[in-house]
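# Descriptive analysis of the structure
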Amino acid sequence: MTTTPDLTPLARLASGCEIHLPGDPGYDAARTPWNLAVDQRPAAVAVPHTPAEVQAVVRAAAEAGLRVAPQSSGHGAAPLTEGALDDVVLVRMHALTGVTVDPDARTARVLGGTLWADVVTAAAPHGLTVLHGSAPDVAVAGYLLGGGLSFYGRQHGLAVNALRAVEVVTADGTLRRASATEEPELFWAVRGGGGNFGVVVAFELDLLPYADVYAGMLLWDRDRAPEVVRAWVEWSRTAPDSATTSLRVMSFPPLPELPPFLSGRDIVVVDGAILESDEDAAAVLAPLRALEPEMDTFGRIPATALLQVHMDPPGPSPAVGDHSVLGSLDEAAIEVFLEQVGPGTRSGLMFAELRQLGGAFAVPAAGGGALSHVPGEYALFCVAMAPTPQAAVAGRAATFTVVRALGAWSRTSLVPTFAETKVDASRFYDGEDWVRLCRARDAADPDRLFVANHGI
Ligand SMILES: Cc1cc2nc3c(=O)[nH]c(=O)nc-3n(C[C@H](O)[C@H](O)[C@H](O)COP(=O)(O)OP(=O)(O)OC[C@H]3O[C@@H](n4cnc5c(N)ncnc54)[C@H](O)[C@@H]3O)c2cc1C
């Protein structure tokens, strides 16, 4: 028998904090995440504007016997809703944003709901940038706390390793600062354990000294996939750590809002960044350019423009995805990949991506947190558009099919930010780190107040 939660403590807050309860006019807009395929229906949605409001919401939720799920953009909402949310207060962080850059220290202080585009924009006037991901409107929080695969990453490692401190509201409603020297176990656990440990209201992170970057994309018709995939896999085996790229086989419906090089087309795209001089970067890229792409946008661009290179959707979209981490890809693996998504196939996917790992991604960071590296050679990420529930079912089946087909080359590890389904979270961490993380969770949140998209 389910009991209806007593929302009185939250309703009391409503005069001082933005709270939306089911049936309120603002509830539907407030509960809608970036991923429009996700229909999340929490007991209440809180939209705090200050850290003090976050504290008040956490205390009121605990008093009401409810749980608390922090969420910033909702890009990573899908695994969260695989469990019922009828006893959960969703804490949407989009009203708590802002960036302050300290150019001398080469750091930024970023409020808990900020998007990456705003951090990149604030750092750029100082000739600095940051370990952001491919999309401008992904939030700092979920990406950073889940590791964060950046196009700067094979040189500089997982984005989470750039964190110097967090300010986090924990299960007792206290606002704590955690760093290498303050609450070090909490700092260790949050870096990878994310929303299981509290609501992060501010981050301090290191910036990178790049005002511009050699980056772009190469594009071919999908008919060229057999030679392009083979050449890129071969190239990626010996590419320097300064290069971080992705290969995607993509299919687009004929839509007037798409540019002609995408509309109605099946293509294969290699994109990313190469942290070298123009001359050295061109030399690194030469074996791929030798395949004479129909488009080649690689060149020196402002660091801010790297957020556009991957052509991610410009706004909220409905999608489903699946993921695995792959080891070395031999000829048999390439054949399977091409059988699934190569010329003549109808995979049902919008794209199948192989994101280059290795380099600094694979190296445990000195002084790092629960998640500081990812073993493996490639992150496989398959995505299908899901504008209707029926399309979501078909899309999920399509993404599973490709991931399963490459099962023989899969590693046990997974990357939290690419895991779009509920998975065994122990697969994100090394064995002893998982044990330590579970102990840290027991100590910090014994009553399991917090609900994360990937639970510990
Ligand atoms: C178009 C697109 C492009 C992407 N590109 C990349 C990429 O290049 N590299 C990469 O690694 N990933 C990438 N991702 C995946 C993305 O990083 C994850 O979906 C990530 O979880 C998004 O974080 P968010 O805060 O925006 O999402 P949310 O769904 O808001 O958050 C995800 C989880 O993070 C935690 N969380 C969020 N906010 C807080 C907070 N303030 N305090 C505590 N916990 C919090 C919660 O546990 C929450 O369930 C991409 C996703 C999409 C859809």
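Residues numbered from 1 in each chain as written. Predicted model: local features only at pLDDT ≥ 70, side-chain atom pairs only at ≥ 80, totals over all residues. Heavy atoms only, no water.

- As annotated in an unreviewed UniProt entry, the protein carries the name FAD-binding oxidoreductase and is attributed to Nocardioides daeguensis.
- Looking at the Sequence similarities (unreviewed entry) heading of the UniProt record, one finds this comment for the protein: "Belongs to the oxygen-dependent FAD-linked oxidoreductase family." (UniProt positions renumbered as here; feature names shortened; annotations may be inferred.)

## Some words on the overall build of the protein
- A tally of helices and strands in the protein yields 12 helices and 17 strands.
- A globule of 456 residues ought to have a C-alpha radius of gyration of about 23 Å, and the protein, at 22 Å, matches this closely.
- For the protein, the spread of C-alpha atoms along the principal axes amounts to about 65 × 50 × 45 Å.
- Evaluated residue by residue, the protein yields a buried proportion of 56% over its 456 residues.
- About 17500 Å² of surface is accessible on the protein, with carbon and sulfur atoms providing 54% of the total.
- Charged side chains in the protein number 32 positive and 53 negative. The centres of these two groups are separated by 3 Å. (Helix = DSSP H or I, 4+ residues; strand = E, 2+ residues; numbered from the N terminus. Rg over C-alpha atoms; globule rule 2.2 N^0.38 Å. Buried < 20%, exposed > 50% of the residue type's maximum accessible area, 1.4 Å probe, protein only. Areas by Shrake-Rupley, 256 points an atom, 1.4 Å probe, with all protein chains shown as cover. Lys, Arg positive; Asp, Glu negative; His and termini not counted. Charge placed at Lys NZ, Arg CZ, Asp CG, Glu CD.)

## Notes on the site of the ligand
- Neighbouring the ligand are 33 residues; Ser-72, Ser-73, Gly-76, Ser-134 and Leu-149 lie closest to it.
- Take Ser-134: an N or O atom from its main chain is 2.8 Å from an oxygen atom of the ligand.
- At 2.9 Å, a backbone N or O of Gly-142 approaches an oxygen atom of the ligand.
- Protein contact buries 95% of the 960 Å² of open area that the ligand shows by itself.
- Secondary structure elements with two or more residues in the shell around the ligand: β3 (67-71), α5 (140-145) and β9 (199-206).
- Residue contributions to the shell around the ligand peak at four residues, all from α5.
- Looking at the shell around the ligand residue by residue, the class counts come to 16 nonpolar, 15 polar and two charged. (Near = heavy atom within 4 Å. Polar contact = N/O pair within 3.5 Å; in protein donor to acceptor, adjacent residues only side chain to side chain. Nonpolar A, V, L, I, M, F, W, Y, C, P; charged D, E, K, R; others polar.)

## Some thoughts on the packing of helix α8 (residues 225-238) against helix α9 (residues 278-289)
- Look at α8 against α9: their axes get within 9 Å of each other, and the N-to-C directions meet at 155 degrees. It follows from the interaxial angle that α8 and α9 lie roughly antiparallel. Seen along the crossing, α8 lies across α9 with a hand that is right-handed. Counting all contacts with α8, which are made through Ala-231, Trp-232 and Trp-235, the residues of α9 involved are Val-284, Pro-287 and Leu-288.
- Each residue belonging to the contact of α8 with α9 can be placed in one class, and the counts come to six nonpolar, no polar and no charged. (Axes fitted to C-alpha atoms, helices over the stretch in contact; angles between N-to-C directions. Parallel < 35°, antiparallel > 145°, perpendicular 65-115°, else oblique. Left-handed = near helix turned anticlockwise from the far one by under 90°. Contact = heavy atoms within 4.5 Å.)

## Here's the deal with the sheet that holds strand β7 (residues 163-169)
- Pairing within the open sheet is antiparallel, and its five strands lie in the order β5-β6-β9-β7-β8. Both outer strands of the open sheet, β5 (99-102) and β8 (175-179), are each paired with one neighbouring strand and no more. Adjacent strand axes in the sheet meet at a mean angle of 15 degrees, parallel and antiparallel pairs treated alike.
- The pairing of β7 with β9 spans six bridges and is antiparallel. (Pairing = 2+ DSSP bridges.)

## What to know about the pattern of salt bridges
- With the rule as written, the count across this model stands at 26 salt bridges.
- Put simply, Glu-182 and Arg-177 hold a salt bridge, and the shortest N to O gap is 3.0 Å.
- Arg-289 is the salt-bridge partner of Asp-296, the closest N and O atoms lying 2.6 Å from each other.
- Beyond isolated ion pairs, a larger network of salt bridges with shared partners links Arg-109, Glu-167, Arg-177, Glu-182 and Glu-204. (Salt bridge = Lys/Arg side-chain N within 4 Å of Asp/Glu carboxyl O.)

## Things to note about the domain arrangement of the protein
- According to the domain assignment, the protein contains domain 1 (8-92), domain 2 (99-209 + 431-444) and domain 3 (212-422).
- Between the C-alpha centres of domain 2 and domain 3 the distance comes to 25 Å.
- Contact residues are listed per partner, giving 33 residues for domain 2 and 44 residues for domain 3.
- Buried area between domain 2 and domain 3, summed over both chains or domains, comes out near 3000 Å², and the portion from carbon and sulfur atoms is 63%.
- The interface formed by domain 2 and domain 3 includes one salt bridge. (Domains from an automatic or database assignment. Buried area = accessible area lost by both parts, 1.4 Å probe.)

## So, the sheet that holds strand β1 (residues 18-20)
- Across the sheet, four strands lie side by side as β1-β2-β4-β3; this open sheet has mixed pairing. Of all the strands in the sheet, just β1 and β3 have a single pairing partner and so form its edges. On average, each strand axis in the sheet is inclined to that of its neighbour by 25 degrees, with strand direction left out of account.
- Relative to strand β4 (residues 88-92), strand β2 (residues 44-47) runs parallel, the two being bridged by three bridges. Across the sheet, the residue bridging to Val-45 is Leu-90, located in β4.

## Considering the nonpolar core
- Judged by nonpolar contacts, the single largest core of 77 residues is most densely connected at Trp-116, Leu-163, Val-166 and Phe-203.
- Here this core spans two domains, and each of domain 2 (99-209 + 431-444) and domain 3 (212-422) adds at least three residues to it.
- Discounting chain neighbours no more than four positions away, the residues touching Leu-163 are Leu-144, Leu-145, Phe-187, Arg-191, Phe-203, Glu-204 and Leu-205.
- Core analysis: the second largest hydrophobic core is formed by 45 residues, Tyr-214, Val-233, Ala-243 and Ala-392 among them. (Core = buried A, V, L, I, M, F, W, Y, C linked by side-chain atoms within 4.5 Å.)

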